[in-house]
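# Examination of the molecular architecture
The primary structure of each chain is shown beneath.
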Amino acid sequence: MATRHSRSAARLMMAPAVILLLGWMLVPLTMTLYFSFKRYLPMRGDSLERGLDWVGFENYARFIGSSSFWPSVQATLLIVGGVLVITVILGILLAILLDQPFWGQGIVRILVIAPFFVMPTVSALVWKNMMMDPVNGMFAHLWRFFGAEPVSWMSDASVQSIILIVSWQWLPFATLILLTAIQSLDSEQLEAAEMDGAPVLARFFYIILPHLGRAITIVILIQTIFLLSIFAEIFVTTGGSFGTRTLTYLIFQRVVDSQNIGLGSAGGVYAIILANIVALFLMRIVGKNLDR
Amino acid sequence: MGRITLEKVSKSFGQVDVIPPLDLTIEDGEFVVFVGPSGCGKSTLLRLIAGLEDVTSGEIRIDGTDATGVPPAKRGLAMVFQSYALYPHMSVRKNIAFPLRMAGMDAAEQERRVTAAAAVLNLTDYLDRRPGQLSGGQRQRVAIGRAIVREPAAFLFDEPLSNLDAALRVGMRLEISELHARLRTTMIYVTHDQVEAMTMADKIVVLRAGNIEQVGTPLQLYRSPRNLFVAGFIGSPKMNLIGGAIAARHGAETIGIRPEHISVSAESGDWHGTVGVSEHLGSDTFFHVTCDGIPDPVTVRVGGEVDLHYGDDIWLSPDTSHLHRFDGQGLRVA
Ligand SMILES: Nc1ncnc2c1ncn2[C@@H]1O[C@H](COP(=O)(O)OP(=O)(O)OP(=O)(O)O)[C@@H](O)[C@H]1O
Ligand SMILES: [Mg+2]
């Protein structure tokens, strides 16, 4: 790929993909930006044909000034952070466990991956109705078995419930990536550490964890991108009430429930900014971790 | 101190007996080399001594105390692995200091020992690098450094040079021998390279399929191999092993004669043959001679350059005082 000829050929062949991707991203982005500066309330008779009123930054001011804005940012960060912590910690432990030789290893590994293939809507509904229902759910039965009062999860522990459901979905992904990373660890390194007098915990913190550094950063990066936009899990469980209204969900409500497209678009732009701040943050960590 | 005794030590992986019961004593300060073909159980034996594998039966004693159930860290042994097994995310300094840190030694003493080890191993300029930024030979030295700072009772080396190129291997071989001469610590060294074994060892242990075939100094093994396997394994090029009528004439089932103990003549001798391929090493020349009545070509060493060519007729005469005789079981006949 070094000659000038092969470089220009490469560019030519990549062009369709690049153009398609650009169109895919740029058209919605410019439309969002455009609407965010307009008054656009379809129920009040605004439409593209009749032309939309330019309102400057009014939508932005209103979106950020609304009493639900900061709570929604908080909810977003809380849910993303909670899921990340749970999936990474449990993922590491599960990966170590699955790396041990035991009978039926192949089947167990497939079972562990299974939740990842369940659609978010389905898994959230299953959790809500089968596990967390305060009357008939498994948890309710379990609580009653121990003589405790069943928890009405969706209203009393709503954020925790969402974190639990989403963690369950993403744990397989984290486990899978971390498992492959653990398998690439040279067993002689662990043996050397053992001979050097490192007990089990020291071997974990000095050898295994640094070895997993890269894989952990990748898990965090990829999960964050997807977790910032979780929607289905909230939609089918709490419907955004009880403190589970994330930024994504707030935008959805502004556009669909209040039929205010301009306001929703402004929220969309805020979401882009938030995602970029988070991404920038992560990229610096990743860059540091991937460089060596 | 580092006297290691194995008593009736055996090891099986499931149904497979890798090491049948075996006895071996390694004296304090000795440089012992385990040598044998691939898969004969050298690494397994070393790992048993290190404690990285559990013995199936038998007893391992270090300095007289039973170490059979003692975990590796408590045996006071240090191991250098074939892959070096350096910790990639730590600097060279931290790598070498790791065992000291795990032992809870204070920082000043750690630093003193690391500096001393680095000076011995020519690593002073590389202390702040990561293992990934070092050459193979330097990595090897870091691995040795990590072993020597602990001041172990014995060093265990598992084919430490097999990842290095030929020139570097010769250099590192000398360095390890020199280290042994200076530290006078017991060293157990595993290799399948018989040149390494011959040049470094005080005592060689020849293994085949987990069995000890012979134990002795390099020259003992060279001069009087106990059986055909040792005879064929020790020495380069290999000893010529000849059976049939010629062996019978010397009163044995098989006779062995080393390439340097055969004299060459153009006119007369014991065996007649034609010169095949010749290998010129400058100081020596090896001829592969096809002799009448001997199925395999006979290797002959001649000092310096000799004017013999492919297809020439020559006569070979073995030096009967250096003839090795073996019986039907392949054992040496005195
Ligand atoms: N964990 C294990 N499970 C089952 N068999 C094993 C195991 N480790 C080693 N073996 C077997 O034990 C035998 C001896 O292995 P070992 O590694 O000691 O050989 P080696 O002499 O070191 O060979 P090499 O020179 O190739 O390193 C081999 O036949 C190998 O297949
Ligand atoms: Mg080996």
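## A closer look at the overall build of chain A
Summing up its helical and strand segments, chain A has 13 helices and 2 strands in all. A compact globule built from 292 residues would reach a C-alpha radius of gyration of about 19 Å, whereas chain A, at 24 Å, exceeds it by more than 25%. With the C-alpha coordinates of chain A rotated into their principal frame, the extents come out at 75 × 75 × 30 Å. A total of 292 residues make up chain A; the buried ones form 41% of that total. Of the contacts formed within chain A by residues at least 6 apart in sequence, a portion of 66% connects residues at least 24 apart. Of the roughly 16,700 Å² of accessible surface on chain A, a fraction of 72% belongs to carbon and sulfur atoms. Looking at charge distribution, chain A has the averaged site of its 18 positive side-chain charges lying 12 Å from that of its 16 negative ones.

## Brief notes about the pairing of strand β8 (residues 186-191) of chain B
All names here are of chain B. When you tally the buried positions in β8, you get 6 out of 6 residues, the bulk of the element. With burial as the criterion, each face of β8 is covered, one bearing T186, I188 and V190 and the other bearing M187, Y189 and T191. Direction of pairing for strand β3 (residues 31-35) relative to β8: parallel, over a ladder of 5 bridges. Along β8, the bridge assignment pairs F34 with V190. Note that strand β7 (residues 154-158) and β8 share 5 bridges and pair parallel. Paired with L156 across the two strands is I188, which belongs to β8. The parallel pair β7 and β8, bridged by helix α5 (residues 166-183), forms a crossover whose chirality is right-handed.

## Considering the sheet that holds β7(B)
Residues and elements named next belong to chain B. On the basis of which strands lie adjacent, the open sheet formed by 6 strands has the order β6-β7-β8-β3-β9-β10 and mixed pairing. Lying at the two open borders of the sheet, with one neighbouring strand each, are β6 (77-80) and β10 (211-216). Between one strand axis and the next, the sheet turns by 15° as a mean value, whatever way the strands run. Across 5 bridges, the pairing between strand β9 (residues 203-208) and β10 is antiparallel. Within β10, the position partnered with I204 by the bridge is G216. Across the sheet, helix α1 (residues 42-50) is in contact with β3, β6, β7, β8 and β9; its angle to β7 comes to roughly 150°.

## Focus on the confidence of the model for chain B
Per-residue pLDDT for chain B averages 90, and the proportion of residues at 70 or more is 100%. Across the predicted assembly, pTM comes out at 0.80 and ipTM at 0.82.

## Details of the interface of chain A and chain B
Facing 17 residues of chain A, the contacting portion of chain B comprises 23 residues. Overall, the association of chain A and chain B removes approximately 1,800 Å² of surface from exposure, summing both partners, and the carbon and sulfur fraction of that is 61%. When the buried area of chain A at its contact with chain B is split by residue, A:M195, A:D196 and A:Y206 rank highest and sum to 41% of it. Where chain A packs against chain B, one counts 3 salt bridges.

## Here we look at the domain arrangement of chain B
All names here are of chain B. Considered domain by domain, chain B is made up of domain 1 (4-231) and domain 2 (237-326). Centre-to-centre separation of domain 1 and domain 2, based on C-alpha positions: 38 Å. Listed by partner, the interface residues are 7 residues for domain 1 and 7 residues for domain 2. Buried area between domain 1 and domain 2, both sides added, is near 610 Å², and the carbon and sulfur share of it is 61%. Ranking the residues of domain 1 by area buried against domain 2 places Y222, L228 and A231 at the top, with a combined share of 77%.

## Observations regarding the site of ligand 1
Residues and elements named next belong to chain B. As a structural note, the neighbourhood of ligand 1 is formed by F13, V18, S38, G39, C40, G41, K42, S43, T44, E159 and H192. One of the side-chain N or O atoms of T44 is found 2.5 Å from an oxygen atom in ligand 1. In the model, an oxygen atom of ligand 1 is placed 3.1 Å from a nitrogen or oxygen of the E159 side chain. For the shell around ligand 1, the leading source of residues is α1, giving 3 residues. Its residues assigned to classes, the shell around ligand 1 comprises 3 nonpolar, 6 polar and 2 charged.

## Observations regarding the pairing of β7(B)
Consecutive residues of a regular strand have side chains that alternate between opposite faces of the sheet. Residues and elements named next belong to chain B. Counted residue by residue, β7 has 5 buried out of 5 residues, so it is predominantly covered. Sheet topology places β6 next to β7; 4 bridges connect them, and they run parallel. Directly across from V80, in β7, lies its bridge partner F157.

## Quick look at unusual backbone geometry
All names here are of chain B. In this chain, S236 is followed by P237 through a cis amide linkage whose omega measures -5°. With respect to the helices and strands, P237 occurs in the loop between α8 (228-233) and β11 (240-242). For D63, which is not glycine, the phi dihedral falls at a positive 50°. The partly exposed category is assigned to D63, whose relative accessible area is 34%. Its identity is not glycine, yet Y84 carries a phi of approximately 70°, on the positive side. Structurally, Y84 is set in the loop between β6 and α2 (92-102). Overall, Y84 belongs to the buried group, its relative accessible area being 7%.

Calculation notes
Residues numbered from 1 in each chain as written. Chains lettered and ligands numbered in written order. Predicted model: local features only at pLDDT ≥ 70, side-chain atom pairs only at ≥ 80, totals over all residues. Heavy atoms only, no water. Helix = DSSP H or I, 4+ residues; strand = E, 2+ residues; numbered from the N terminus. Rg over C-alpha atoms; globule rule 2.2 N^0.38 Å. Buried < 20%, exposed > 50% of the residue type's maximum accessible area, 1.4 Å probe, protein only. Contact = heavy atoms within 4.5 Å. Areas by Shrake-Rupley, 256 points an atom, 1.4 Å probe, with all protein chains shown as cover. Lys, Arg positive; Asp, Glu negative; His and termini not counted. Charge placed at Lys NZ, Arg CZ, Asp CG, Glu CD. Pairing = 2+ DSSP bridges. Right-handed = clockwise from strand over helix to strand, strands pointing away. Axes fitted to C-alpha atoms, helices over the stretch in contact; angles between N-to-C directions. pLDDT = per-residue confidence, 0-100. Buried area = accessible area lost by both parts, 1.4 Å probe. Salt bridge = Lys/Arg side-chain N within 4 Å of Asp/Glu carboxyl O. Domains from an automatic or database assignment. Near = heavy atom within 4 Å. Polar contact = N/O pair within 3.5 Å; in protein donor to acceptor, adjacent residues only side chain to side chain. Nonpolar A, V, L, I, M, F, W, Y, C, P; charged D, E, K, R; others polar.

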